[in-house]
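Each chain is listed here by its residues.
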Amino acid sequence: MKKVTGVRFKKSGKIYFFDHCELDLQKGMNVIVDTAMGEEYGEVAIVDKEVKEEEITEPLKKVVRIVTDKDKKMYDENKAKEPEAKKIFEEKVKKHDLKMKLVGVEYKFDGSKVIFYFTADGRIDFRELVKDLASVFRTRIELRQIGVRDEVRRIGGCGVCGRSLCCTTFLGNFETVSIKMAKEQNISLNPSKISGNCGRLMCCLKYEECVYTEKLKRLPRVGAIVKTEDGTGEVVSVETLKERIRVKFKDGEDVFFKKYEAKDVIVIKDVQVDDSIRVEDVDSESDLKELQELEKLEKREAKNEDDI
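Residues numbered from 1 in each chain as written. Predicted model: local features only at pLDDT ≥ 70, side-chain atom pairs only at ≥ 80, totals over all residues. Heavy atoms only, no water.

Chemist: Help me understand the sheet that holds strand 12 (residues 254-261) in this model?
Modeler: Strand-to-strand pairing in sheets goes through backbone hydrogen bonds, with the strands running parallel or antiparallel. Strand order in the open sheet formed by 5 strands is 12-11-10-9-13, with antiparallel pairing between adjacent strands. Single-partner strands in this sheet number two, and they are strand 12 and strand 13 (266-269). Each strand of the sheet is rotated relative to its neighbour by a mean of 40°, with strand direction disregarded. (Pairing = 2+ DSSP bridges. Helix = DSSP H or I, 4+ residues; strand = E, 2+ residues; numbered from the N terminus. Axes fitted to C-alpha atoms, helices over the stretch in contact; angles between N-to-C directions.)

Chemist: Hey, could you run me through the nonpolar core in this one?
Modeler: Counting residues in hydrophobic clusters, the biggest one holds 17 residues, and the most contacted among them are Phe-89, Met-100, Phe-116, Leu-129, Leu-133, Phe-137 and Leu-143. Here the element with the most residues in this core is helix 1 (residues 69-96); it accounts for 4 residues. With residues up to four places along the chain from it excluded, the contact list for Phe-137 reads Ala-85, Ile-88, Tyr-107 and Phe-116. Membership of the second largest hydrophobic core comes to 13 residues, among which are Val-177, Ile-179, Leu-201 and Leu-291. (Core = buried A, V, L, I, M, F, W, Y, C linked by side-chain atoms within 4.5 Å. Buried < 20%, exposed > 50% of the residue type's maximum accessible area, 1.4 Å probe, protein only. Contact = heavy atoms within 4.5 Å.)

Chemist: I'm lost on a negative patch on the surface in this one. Help?
Modeler: Together, Glu-53, Glu-54, Glu-55 and Glu-58 line one region of the surface with negative charge. Looking at the element boundaries, Glu-55 is found in the loop between strand 4 (38-51) and strand 5 (63-66). For Glu-55, a relative accessible area of 48% translates into the label partly exposed. (Patch = residues over 30% accessible without salt bridge, like charges linked within 9 Å, V, L, I, M, F, W, Y side chains within 5 Å. Areas by Shrake-Rupley, 256 points an atom, 1.4 Å probe, with all protein chains shown as cover. Salt bridge = Lys/Arg side-chain N within 4 Å of Asp/Glu carboxyl O. Lys, Arg positive; Asp, Glu negative; His and termini not counted. Charge placed at Lys NZ, Arg CZ, Asp CG, Glu CD.)

Chemist: Can you help me understand the environment of Lys-95 in this one?
Modeler: Inspection of the secondary structure assignment puts Lys-95 in helix 1. With 34 residues separating them in the primary sequence, Lys-95 and Leu-129 have C-alpha atoms 9.0 Å apart.

Chemist: Got a minute to help me understand the environment of Lys-299 in this structure?
Modeler: Checked against the element boundaries, Lys-299 lands in helix 8 (residues 285-303). Exposure remark for Lys-299: the relative accessible area of 61% places this residue in the exposed category. Considered as a pair, Lys-299 and Thr-176 are 123 residues apart in the sequence and their alpha carbons are 8.0 Å apart.

Geometric descriptors of this kind do not, in isolation, establish any biological role.
Written out as structure tokens, the structure is:
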């Protein structure tokens, strides 16, 4: 085990580990750290966390110093330049007739590079734009295409729960979310109810996934045949968190239902797990098509995550 300090460079951004170099650091303190791209201005998010050696990327970079007045002044000056940089970028995009939307601008701490974050449908050939921008800013220019989730993280907003978006408050990394998670949690497969402000599946579907996955291993699926104290019947619904099932019985022409604790029944014949989205799972054909498109986007963005 090794003690490290966690530093983030953006609000609710990913936390990176650094060697604190015996500095007396406290959470929320601004520091200058050494990175592969040079010195960067960040905020201490974790102090003296013990992590396994294999979880650390060697060589572990160091916290250079606690921010000085001079550092703070340089950081503020860089921030003050961003509005003008946005304006220039948008003018140049219009000049080159490129279909791209600017999301944010970031000056590196030492001023050696300006990064422009943008969204666009598909790939954009922006080589001439970069040359044009470099002639204006007289420094290195980087254009970084980001996904819609990162765009909403930068813009902010409130979710359907009424609280500030998770991605703008505490969510450091985006994890892959799937329709399967919504199905396992018995959530209505209505695209408008399971999609976030970004138009993608809500990140909060991931939060309880491990609980549902573990419990579902012990529960029969809908359609399974089970033996109960009242006879043999078919499972028609499952209360996953309570580990309770509802069973349908047939007595001649009569049909009746009864609930049981899952531990009190014996599975005679279970059904095969089907994670596909079917017409009977949704309200309309249009919902089905929208969900299938959402699933495709999720898989595509998960595949390209390292490139963004």
